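What follows is the residue order along each chain.
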Amino acid sequence: MAKEGKKMGLAIKVLLGLLVGAVVGIIVHYLPAGSLRDAVLIDGIFQFVGQVFLRSIMMCVVPLVFVSLVNGAASMGDIKKLGRVGGKTLGFYLATTAVAIVIGLVMAFIISPGIGLDMGAIDQVEYAAKEATPIAQVLYEMVPRNPIQALAEGNMLQIIVFAILTGIALTVIGDKGKKVLGLFEELNELVMQLVAMVMKLAPIGVFALVARTFGQLGIDVIIPLGKSVFAVYVALALHLIFVYGGLLRVLGGMSIFKYVKKLYPAMLIAFSTASSAAALPANMDITVNKIGASKDIAAFSLPLGNTINMDGTAIYQGVAAVFIAQAYGIDVTLNMALMIVLSATLASIGTAGVSGAGAIMLSMVLTTVGLPIEGVGLIFGIDRIYDMGRTAMNITGDSVCTTIISRQEGEFNEEIWNTDFAKETV
Ligand code: ASP
């Protein structure tokens, strides 16, 4: 399988890109400040290469989400199946997100990152809190007034609504829509090919993005906020191992470690770009072709989950809310904790799959719960560090949900799951 060999080669190159990028970035950070470090490397080469990569992936995202969701909704064949799969997908996404926040809250209470924090001791990074959109408005604005505008502006929630309705309409008209359906299937092939071409840039793109992040931040900036970073990453790991691992084990007899071994290239793209959208193409490829989930279900649930299912973001919002409360000396009551769960679940649905979006939505959670919005400034400076981890978890949740629903629908391919693609590459 020469083709597979190439693909796994790419995954390892992406991993190398990430590691080398981190090391180079840290070294560059400690070079003397000056034009070589700042203008030539950090804001020059790293920025240029990273942006070319990121923009090339983003170029594919709107066509990918739209075409894939139309196909995904239409390929269910009948409305009943779409309703069943759609209902399960939504239920899974909401339930895992709520559990994620609870884990985040519990970890934050145990580790207590904000207790005893002298706010003045922390370098406050300027942060202009954006006005948070009320939930009701987020909901009705999901319906696009003009679908072309939604596509042009890359408004994901609106694109999702329009695409699913189009897919349903195609199913209802049946034979009369055959040609259009065929066209969408061909468009899907086209978009996937585009993605494959762009992904060739991944190792160098990932290198540049990570080198820039560490070049700017270094490692010592993380130390004062180390406890909250630690709390977020521990909560992410617990969620991965116990929630996803437990669901996979109980509902599918599958091992989370084997799962991650297969999914890691997509997780690495998510980690280094801090964008679920950027990792969507790799996630679709691996979840179907390396893990064995149903192509039809994945075409529906992955692009949907990419925007509405963000367990990593939810964990981060839970930890951040407690951290900020503690830093300001505010007691978190049970009532407040429940409000955090509710508002962070909704906020994570409205969060776009791009880097930094979760920190903006955090301001909505804080406002809803009545915590000081200025607190976002405390963690905004190193948001990227949280963002990388939470994004990797966001896309893992989408993949796990797709796999479990594929199993329940009897559309999971055991043979693919049991194939060790890594071995075949040597
Ligand atoms: N960067 C995250 C994502 O793309 C969203 C967030 O900022 O939490 O999934």
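What you see is a predicted model, and the numbers here were worked out from it, not measured in a lab. (Residues numbered from 1 in each chain as written. Predicted model: local features only at pLDDT ≥ 70, side-chain atom pairs only at ≥ 80, totals over all residues. Heavy atoms only, no water.)

## So, the site of the ligand
Okay, step 1: Surveying the vicinity of the ligand reveals 17 residues, the closest of which are Ser-276, Thr-313, Gly-358, Asp-387 and Arg-390.
Okay, step 2: Gly-358 is positioned with one of its backbone polar atoms (N or O) 2.6 Å from an oxygen atom of the ligand.
Okay, step 3: At a separation of 3.1 Å, a nitrogen atom of the ligand approaches a polar side-chain atom of Thr-391.
Okay, step 4: Computed on the free molecule, the ligand has an accessible area of 270 Å², of which 100% lies beneath the protein chains in the complex.
Okay, step 5: A per-element tally of the shell around the ligand places helix α17 (residues 383–408) first, with 4 residues. (Near = heavy atom within 4 Å. Polar contact = N/O pair within 3.5 Å; in protein donor to acceptor, adjacent residues only side chain to side chain. Areas by Shrake-Rupley, 256 points an atom, 1.4 Å probe, with all protein chains shown as cover. Helix = DSSP H or I, 4+ residues; strand = E, 2+ residues; numbered from the N terminus.)

## So, the pattern of salt bridges
As a working rule, side chains carrying opposite charge can pair if their charged atoms are close by.
Okay, step 1: Applying the stated criterion to the full structure yields 9 salt bridges.
Okay, step 2: Among the ionic pairs, Lys-178 bridges to Asp-175, the shortest N-O distance being 3.9 Å. Across this residue pair, the class does not change: Lys-178 and Asp-175 are exposed.
Okay, step 3: Here Arg-390 and Asp-387 are joined by a salt bridge, their closest N and O atoms 3.3 Å apart. You can see Arg-390 and its partner Asp-387 sitting in helix α17, 3 residues apart, about one turn around the helix.
Okay, step 4: Looking at Asp-387, the relative accessible area reads 3%, which means it is buried. (Salt bridge = Lys/Arg side-chain N within 4 Å of Asp/Glu carboxyl O. Buried < 20%, exposed > 50% of the residue type's maximum accessible area, 1.4 Å probe, protein only.)

## Notes on helix α7 (residues 178–199)
Okay, step 1: For α7, with 22 residues, the first-to-last C-alpha span of 32 Å sits near the 32 Å given by 1.5 Å per residue.
Okay, step 2: Turning to α7, its buried residues number three or more, namely Phe-184, Asn-188, Val-191, Val-195, Val-198 and Met-199. Buried residues of α7, seen end-on, are gathered within an arc of 95 degrees and therefore sit on one face of the element. Exposed side chains of α7 directed beyond 90 degrees from the buried face belong to Lys-178, Lys-179, Glu-186, Glu-189 and Leu-190. (Expected span 1.5 Å × (residues − 1). Arc of directions from axis to C-beta.)

## Some points on the nonpolar core
Okay, step 1: Of all hydrophobic cores here, the largest spans 125 residues; its most connected members are Tyr-259, Phe-300, Ile-340, Leu-362, Ile-379 and Tyr-386.
Okay, step 2: In this view, Ile-379 contacts Ser-228, Tyr-316, Ala-320, Phe-323, Ile-324, Leu-362 and Tyr-386; residues no more than four positions away in its chain are not counted.
Okay, step 3: Val-28, Leu-41, Phe-46 and Ala-211 belong to the second largest nonpolar core, which has 5 residues in total. (Core = buried A, V, L, I, M, F, W, Y, C linked by side-chain atoms within 4.5 Å. Contact = heavy atoms within 4.5 Å.)

## Notes on the confidence of the model for the protein
Okay, step 1: Summing up the model confidence of the protein, the mean pLDDT is 85 and the portion of residues at 70 or higher is 91%.
Okay, step 2: By mean pLDDT, the top-scoring element of the protein is helix α18 (residues 414–418) (95), and the lowest-scoring one is helix α16 (residues 376–380) (72).
Okay, step 3: Here residues 120–130 is a poorly scored stretch, pLDDT under 50, and it has 15 contacts once near neighbours within four places are set aside; other chains count. (pLDDT = per-residue confidence, 0-100.)

## Remarks on the packing of helix α9 (residues 226–252) against helix α10 (residues 256–273)
Okay, step 1: Between α9 and α10, the shortest axis-to-axis distance is 12 Å and the interhelical angle comes to 135 degrees. With respect to each other, α9 and α10 are oriented oblique. The two elements α9 and α10 meet at a crossing, and its hand is right-handed. Contact residues: α9 offers Tyr-233, Leu-240, Ile-241, Tyr-244, Gly-245 and Leu-248, while α10 offers Ile-256, Tyr-259, Val-260 and Phe-271.
Okay, step 2: Residues that form the contact of α9 with α10 fall into these classes: 9 nonpolar, 1 polar and no charged. (Axes fitted to C-alpha atoms, helices over the stretch in contact; angles between N-to-C directions. Parallel < 35°, antiparallel > 145°, perpendicular 65-115°, else oblique. Left-handed = near helix turned anticlockwise from the far one by under 90°. Nonpolar A, V, L, I, M, F, W, Y, C, P; charged D, E, K, R; others polar.)

## Topic: the packing of helix α11 (residues 276–291) against helix α12 (residues 295–308)
Angle between the axes and distance between the axes: these two values describe a pair of packed helices.
Okay, step 1: α12 packs onto α11 with a crossing angle of 160 degrees between their chain directions and a minimal axis gap of 10 Å. What the angle tells us is that α11 and α12 run roughly antiparallel. As α11 runs across α12, the sense of the crossing is right-handed. Touching Ser-276, Ala-277, Leu-280, Asn-283, Met-284, Thr-287 and Val-288 of α11 are Lys-295, Ala-298, Ala-299, Leu-302, Pro-303 and Asn-306, all from α12.
Okay, step 2: Tallied by class, the residues present in the contact of α11 with α12 amount to 8 nonpolar, 4 polar and 1 charged.

## Details of the packing of aromatic side chains
Okay, step 1: One pass over the structure, following the stated rule, counts 6 aromatic pairs.
Okay, step 2: Centroid distance Tyr-259 to Trp-417: 5.9 Å. Interplanar angle 45 degrees. Geometry classified as tilted. In this pair, Tyr-259 is assigned in helix α10 and Trp-417 in helix α18, connecting sequence segments 158 residues apart. Neither residue differs from the other here; Tyr-259 and Trp-417 are each classed as buried.
Okay, step 3: Centre to centre, the rings of Tyr-316 and Tyr-386 are 5.4 Å apart; their planes meet at 50 degrees, and the pair counts as tilted. With a gap of 70 residues between them, Tyr-316 in helix α13 (residues 311–327) and Tyr-386 in helix α17 connect regions that are remote in the sequence. (Phe/Tyr/Trp six-rings, centres within 6.5 Å; stacked < 30°, edge-to-face > 60°.)

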